[in-house]
Amino acid sequence: MGNQGRSQNEYHAMTRSISKMIRSSVLLFVIFGLCLSCGPSKEEAEKLSRAREDSIRVATEKATTLRLTSISRLQDSIRQSEATIEAANNRLIVRRADLVASTDRLSTIKTYQFLRTAEQREQQIRDQMILIQNLEQEVKELAFRVEVERNRIMDFHSKIEALQKSL
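(A) Broad picture of helix α3 (residues 118-165). Under the 1.5 Å per step criterion, the end-to-end length of α3 is 71 Å for 48 residues, consistent within 8% with the ideal 70 Å. All of the buried residues in α3 are I125, Q128, I132, L135, V139, L142, V146, E149, I153, F156, I160 and L163. On its buried face, α3 is in contact with α2 (42-110).

(B) Focus on a nonpolar patch on the surface. Residues M14, I18, I22, V26 and V30 make up a contiguous nonpolar surface patch of roughly 450 Å² in combined accessible area. Structurally, I22 can be placed in helix α1 (residues 2-37).

(C) Region of the structure containing the packing of α2 against α3. Orientation of α2 relative to α3, taken along the N-to-C sense of each, is 160 degrees, at an axis distance of 8 Å. In terms of axis orientation, α2 runs roughly antiparallel to α3. The interaxial crossing formed by α2 with α3 has left-handed handedness.

(D) Summary view of the environment of E44. Secondary-structure assignment places E44 in helix α2. Note on E44: relative accessible area 43%, which makes it partly exposed.

The rules we used
- Residues numbered from 1 in each chain as written.
- Predicted model: local features only at pLDDT ≥ 70, side-chain atom pairs only at ≥ 80, totals over all residues.
- Heavy atoms only, no water.
- Helix = DSSP H or I, 4+ residues; strand = E, 2+ residues; numbered from the N terminus.
- Expected span 1.5 Å × (residues − 1).
- Buried < 20%, exposed > 50% of the residue type's maximum accessible area, 1.4 Å probe, protein only.
- Contact = heavy atoms within 4.5 Å.
- Patch = residues over 30% accessible without salt bridge, like charges linked within 9 Å, V, L, I, M, F, W, Y side chains within 5 Å.
- Areas by Shrake-Rupley, 256 points an atom, 1.4 Å probe, with all protein chains shown as cover.
- Salt bridge = Lys/Arg side-chain N within 4 Å of Asp/Glu carboxyl O.
- Axes fitted to C-alpha atoms, helices over the stretch in contact; angles between N-to-C directions.
- Parallel < 35°, antiparallel > 145°, perpendicular 65-115°, else oblique.
- Left-handed = near helix turned anticlockwise from the far one by under 90°.

Listed below in structure tokens is the structure:
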């Protein structure tokens, strides 16, 4: 009977343990179910929806403002490039006229002049050639600068078109 009493005690202990586990599990499922059913109310859901819509509207307005500001800055850059082109073109006209005049002057230097030595003539020719080379270089640089600015303007226009499409 001693073994049988012990088996019954073990059986009752095990039954109580299983019963406690089942009660704990049921209690956890009830608490979990209550948590799930406690979602936001209809008013809270509407507030969250309005807040989300307001946030989207504000972000869209900021993005639009940023794009418009970028377009304005690009237009300012176009105006600056156009002014640079105009100044370079004016300088180019002057330098080309100087180049023509220097070339004419070289023709005059090459002719015979009374009381001028051969060394003086050669020195004047060298000096005039250096002046002509410098003017030619400056004309090339100015023409290149004009071309660079025209390319920048084209690039600015492309960027403006892309920004306007995204508005």
